[in-house]
Amino acid sequence: MLGTDFRAGSPVWIDLGSPDLDAATTFYSAVFGWRFMSLGPEAGGYGLFQQDGKTVGALGPLTEEGAQSAWTTYFRSDDIQATARDVVGGGGSVRLEPMSVGEGQLAQFTDPQGAEFAVFEAGAGLEVTSEDNTLVWVELHVADPQAAIRFYHGLFGWRSQEMQAPGMTYRVLSISDGDQEEGAFGGVAPLQGEHEARWVPYFAVADADAVVTAVQGNGGTVLMPAADVPDVGRIAWLADPAQAVFAVLKPNPRQS
């Protein structure tokens, strides 16, 4: 599970690009209890999602022409210029060149299979993770998981371990150093159906079924109803009113 000791390759930030900031704020407040704190006019509408005064994510307007609403996962880089070169060298593309933001730098990329992600060098990170209604896991869905692992290993040195899940081989991702199990932060799953390649954030919750009900009652969509996954927990896949996809997980040992 995620912590806030962000090392190279760790998920460090998430933000939501939305066509309607007020609607997104209303939805996530109803579903997770988050509050939105604007960073002011100079930030162009960008602001922070907070829980108990601690930052759990961020929200901003869509900035790319034709972009669809989506959550973006940011990973820590010790050298963002080198990461940008490695992305291109590995067959990916740069959507936003490295730029200074506050005390750090960020850049946005697309991997060779079309999944979008971003990178932070230094700068702030999420203030709380792996608690109820905060980020607990990130998951990559692509047509060729092994090729994806090779690409991201070239960027961050990630390690992977195979495990059998219902109907597929799941690959657990860990950062490059330290204990592999303790450094696990996400996974790679084979793409299902006609969906596009993407990174999906998972938020820990106390009651996955209650969140599903809240999503339905506030204009969202249930993509996969809450279901128990052995040795993992109870999971549901959801989309907000603008069709940004996310998932929730009631982790073991709280699974009922």
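Each remark here, short or long, concerns the structure printed above.
Residues numbered from 1 in each chain as written. Predicted model: local features only at pLDDT ≥ 70, side-chain atom pairs only at ≥ 80, totals over all residues. Heavy atoms only, no water.

Engineer: It is not clear to me how the pairing of strand E5 (residues 70–76) should be interpreted in this structure. Could you clarify?
Structural biologist: Along any regular strand the residues' side chains alternate between the sheet's two faces. Summarising burial for E5: 6 of the 7 residues are buried, a large majority. Of the strand pairs in this sheet, strand E1 (residues 11–18) and E5 are connected by 6 bridges, and their pairing is antiparallel. Note on E5: the bridge partner recorded for Leu 16 is Trp 71. Relative to strand E8 (residues 116–121), E5 runs parallel, the two sharing 3 bridges. Directly across from Phe 75, in E8, lies its bridge partner Val 119. (Buried < 20%, exposed > 50% of the residue type's maximum accessible area, 1.4 Å probe, protein only. Helix = DSSP H or I, 4+ residues; strand = E, 2+ residues; numbered from the N terminus. Pairing = 2+ DSSP bridges.)

Engineer: Even after reading the chapter, I still don't get the packing of aromatic side chains, so can you show me in this structure?
Structural biologist: On inspection of all chains with the given rule, the structure shows 33 aromatic pairs. For the pair Phe 27 and Tyr 28, a centre-to-centre distance of 4.8 Å together with 90° between the ring planes defines the contact as edge-to-face. Each member of the pair, Phe 27 together with Tyr 28, is buried. An aromatic cluster of at least three residues, connected via ring pairs, comprises Phe 27, Tyr 28, Phe 32, Trp 34, Phe 36, Phe 49, Trp 71, Phe 203 and Phe 246. (Phe/Tyr/Trp six-rings, centres within 6.5 Å; stacked < 30°, edge-to-face > 60°.)

Engineer: How do you make sense of the side chain of Gln 50 when you look at a structure like this?
Structural biologist: Turning to its location among the elements, Gln 50 is positioned in strand E3 (residues 47–51). By relative accessible area, which is 16% here, Gln 50 ends up buried. Only 3.3 Å separates the side chain of Gln 50 from the side chain of Thr 55, close enough to count as a polar contact. Those residues in contact with Gln 50, other than ones at most four positions away along the chain, are Trp 34, Arg 35, Met 37, Thr 55 and Val 56. (Polar contact = N/O pair within 3.5 Å; in protein donor to acceptor, adjacent residues only side chain to side chain. Contact = heavy atoms within 4.5 Å.)

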